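Architecture and fold: a report
Next come the chains, spelled out residue by residue.
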Amino acid sequence: MTELPDLVPAELRQSWVDRGWCPNSDLYTLFHAGVAAHPERPAVIDDDGPCDYAALDDLALRWAGVLLDAGLGIGDIIGIQLPNGRHAVAAELGVAAIGAVALPFPVDRGQPDTLSLLGRSGARAHVAGGPRPDPPASRAALAPANLGDPVPRHRLPAHIDYRCAARILVSSGSEAEPKMIAYSHQAMAGGRGNYLRALHTSPDPMRNLVLVPLSSSFGSLGVVTLTAGGTLLVRSSFAADTALRTITEHRPTILFAVPTMLRRMAECPAAAGENLRSLARVVSSGAALPAATADACMARFGRPVTNVYGSADGVNCHTGNLGRTGPAPVGCVGRPDPAVAEIRIVDAAGEPVPAGQDGEICALGPMTPMCYLNSPELNARYRLSGGWVRTGDRGVLDAAGRLHVLSRIKQVIIRGGENISPAEIERQLGAHPAIAEVACVPVLDPDLGERVCACVAFRPRADPLGLAALNGFLRHDRGMSQRKLPEFLLVLPELPLGPTGKICRRTLTRLAAGQASVRCH
């Protein structure tokens, strides 16, 4: 069993329970309370239609049975790689029911990413619906086809500690490999649950349309919706017209999407009979919200977009608590909610600075994760004393207590809400025998926010290659997923260097914006 220490002091966690900010119960028990209270209420509405609480519980217990029969149990980490739908939700609930730890990640991860995540996490099983890498003998390979009868309730653990890990969130940021962050049952149902409840203002049960992958950090609110007694609406893939039709047909109250999705929906022509009036809130997260996208959504949906600043590392702040009828001030991402995550700004030494002074954004609250999985170096880098999380972002708290995000300290390219690590692409492209130097920088894009430009210098006497050939190498020789491939290529005799002798990314970003001319479709 992998050790997952909680870097937040136990007495602080307990104080949040005492204040009613965190439940003293595990995720499956919270969900099952909803099954008992409203078994016929729709739990998940996916491509196959509605699935009520009783039916979803039956499916979750079938997954629990498969996992128990495979010898899995409390504390075991289980990778889940399923598309959005009832099976993805039920598998995660089944993992929670046996006291194991879910490690969901997207279905389009390339084989190297998949093997790395499973190997680095020490996962004892891999649940997937499609082709899977050959597992080692110590790891079970499971699929929906393996499901049998629901497990008898007496085979489930009599007690699951709500303070223990429930889910590992996977983050692709500035690191060469994705970070894996452990969240407890109470951080998921408490902190993340409080964020959801703050967005939901109706006395009726919430109906959340989640267009992002449930396996993402943003999409982790899917199972949390069910612990709060709500209905989760998902689609296996995104298309603007399908998403709009889902709103008309199934009447969600909150829409969750990344800015690129929202812009495409806002620009999609209205179909006959379209009705979007059920939406009480439109929520954007996963990337910076462009003003033009916010304006287009206001015109299409008739309400301002709630802009969320958050990350898998344990920070959350949103503009829904500003009480405005129009867009929030530029750069403002709302007031921190202590029931979710308190925010402070610190200097380079980690010491708090006064209001109005900029520094690094740090967070601590009921949604704060336990630790980074198997990464003492990340815990040392990103966690401060008392459990505070360093975000790697620069910001300021104004005199009114509102958070303004100024810039990203960590290097990351955000393409349509997906975080892409330049370091990972550079490492893989650098393995090509024709390439002497490589650096990847963002190119601004009105559709996706940012696209990746690969800046390369070829070796002497090597035949220069085009973008299609380089992407073919990344895809087929290096196993990189399609979503990470560069879309622009900038070829230079040599890459420019800064005063310290390092490659000057600022210069490359400027050159890429003006000269990147080769695009791979």
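Everything discussed here concerns the structure shown above.
Residues numbered from 1 in each chain as written. Predicted model: local features only at pLDDT ≥ 70, side-chain atom pairs only at ≥ 80, totals over all residues. Heavy atoms only, no water.

This part is about the overall build of the protein chain. From N to C terminus, the protein chain includes 14 helices and 25 strands. Its C-alpha radius of gyration of 23 Å places the protein chain within 12% of the 24 Å reference for a compact globule of 521 residues. With respect to the three principal axes, the spread of C-alpha positions in the protein chain is 70 × 55 × 55 Å. Within the protein chain, buried positions represent 57% of all 521 residues. Considering only intrachain contacts with a sequence separation of at least 6, the fraction spanning at least 24 residues in the protein chain is 67%. (Helix = DSSP H or I, 4+ residues; strand = E, 2+ residues; numbered from the N terminus. Rg over C-alpha atoms; globule rule 2.2 N^0.38 Å. Buried < 20%, exposed > 50% of the residue type's maximum accessible area, 1.4 Å probe, protein only. Contact = heavy atoms within 4.5 Å.)

Here we take up the pattern of salt bridges. Under the criterion given, the structure shown has 25 salt bridges. A salt bridge links D76 to R124; the shortest N-O distance between them is 3.1 Å. With a gap of 48 residues between them, D76 in the loop between α3 (53–69) and β3 (77–81) and R124 in the loop between α5 (111–121) and β5 (125–128) connect regions that are remote in the sequence. R124 sits in the partly exposed class, given a relative accessible area of 34%. Between E487 and R451 there is a salt bridge, with the nearest N and O atoms lying 2.5 Å from each other. Separated by 36 residues along the polypeptide, E487 in the loop between α13 (467–477) and β24 (488–491) and R451 in strand β23 (residues 449–458) bring together distant segments of the chain. The residues E487 and R451 share a single accessibility class, namely buried. Each of R263, R264, E267, R415, D445, D447, R451 and E487 takes part in one network of salt bridges that share partners. (Salt bridge = Lys/Arg side-chain N within 4 Å of Asp/Glu carboxyl O.)

Core analysis: the biggest nonpolar cluster contains 105 residues, and L56, Y195, L226, L255, F256 and F301 have the highest contact counts within it. Element by element, the count of residues in this core is highest for α3, at ten residues. Membership of the second largest hydrophobic core comes to 19 residues, among which are I420, L429, I435 and V452. (Core = buried A, V, L, I, M, F, W, Y, C linked by side-chain atoms within 4.5 Å.)

Once that is clear, we can look at the sheet that holds strand β2 (residues 49–52). With mixed pairing, the eight strands of this open sheet are ordered in space as β2-β1-β10-β9-β11-β12-β13-β14. This sheet does not close on itself; its edge strands, each paired only once, are β2 and β14 (315–318). Neighbour-to-neighbour, the strand axes of this sheet turn through a mean angle of 20°, independent of strand direction. Across four bridges, the pairing between strand β13 (residues 305–311) and β14 is antiparallel. For V308, the partnering residue across the bridge sits in β14 and is H318. (Pairing = 2+ DSSP bridges. Axes fitted to C-alpha atoms, helices over the stretch in contact; angles between N-to-C directions.)

Moving on: helix α2 (residues 27–37). Along α2, the residues classified as buried are L27, Y28, F31, G34 and V35. Along the axis of α2, the buried residues cluster in a sector spanning 115°; they form a single face. Across from the buried face of α2, at angles greater than 90 degrees, the exposed residues are A36 and A37. Close packing links the buried residues of α2 with α3, α4 (86–97), β7 (165–171), α6 (185–199) and α7 (221–227). (Arc of directions from axis to C-beta.)

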